[in-house]
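Observations on the model geometry
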Amino acid sequence: SYQNLCEKYPLFRERSENVDLVVEISLQPWKVFKPDGVILFSDILTPLPGMNIPFDIVKGKGPVIYDPLRTAAAVNEVREFVPEEWVPYVGQALNLLRGEVKNEAAVLGFVGAPFTLASYCVEGGSSKNFSKIKRMAFAEPA
């Protein structure tokens, strides 16, 4: 079960960046309920390390960007994201999932949209009102 995996692998990123664990976790609901879709176990912030934006997921707090992007200089340090280089495990897991479910279910992967990723990067994590990114958008639109 998922709880057992959480005990054995306590860090969310450890579970979401390991091909075998991603496949096992993604298949758990499908094996029990046989829905028409299997969703890749992942996080919307998965691309960030490949863009030179380190983050962690802190239990009880959620995603944390330790060095939020709040200046033009910080934004200039962001790298172009190359999936094959930084997250090869995503494609590998999707291919394995497709092989497991064959044509019995859709296989769905996901990632945060650009504004969602930017919001986390500027706010430093989750936000209810997005005040920092709104302030930046109006004060420094470039």
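Located above this text is the structure these notes cover.
This section reports on the structure supplied with the text. For every chain, the first residue of its written sequence is number 1, and the numbers climb from 1 along that sequence. Reporting in this predicted model follows two pLDDT cut-offs: at least 70 for local features of residues, and 80 or more for side-chain atom pairs to be given and counted; totals over whole chains, interfaces and linings ignore these cut-offs and use all residues. To obtain the side-chain values, all non-hydrogen atoms of the structure were used and water was disregarded.

1. What about the packing of helix α3 (residues 19-33) against helix α6 (residues 88-101)?
Two elements in contact, α3 and α6, have axes whose closest approach is 9 Å; the angle formed by their N-to-C orientations is 40°. Classified by the angle their axes make, α3 and α6 are oblique. In the crossing of α3 with α6, the sense of the turn from one axis to the other is right-handed. Residue-level contacts link Val19, Val22, Val23, Ser26, Leu27 and Trp30 of α3 to Tyr89, Gln92, Ala93, Leu96, Leu97, Glu100 and Val101 of α6. Convention adopted: a line fitted to C-alpha atoms gives each axis, helices being fitted over their contacting stretch, and angles between N-to-C directions are expressed from 0 to 180 degrees. Helix and strand assignments follow DSSP, with helices taken as H or I runs no shorter than four residues and strands as E runs no shorter than two, numbered in order from the N terminus. Put simply, angles under 35 degrees are roughly parallel, angles over 145 are roughly antiparallel, angles from 65 to 115 are roughly perpendicular, and the rest are oblique. Helix crossings fall into two classes, left-handed where the near helix is turned counterclockwise from the far one by less than a right angle and right-handed where it is turned clockwise. Residues count as neighbours in contact if any of their non-hydrogen atoms are within 4.5 Å of one another.

2. Considering unusual backbone geometry
One non-glycine residue, Lys34, lies in the positive phi region at around 50°. Checked against the element boundaries, Lys34 lands in the loop between α3 and β1 (37-39). In this model, Phe130 sits at a positive phi of 55°, which is unusual for a non-glycine residue. Among the structural elements, Phe130 can be located in the loop between α7 (114-123) and α8 (131-139).

Purely spatial values, then, with no claim about function.
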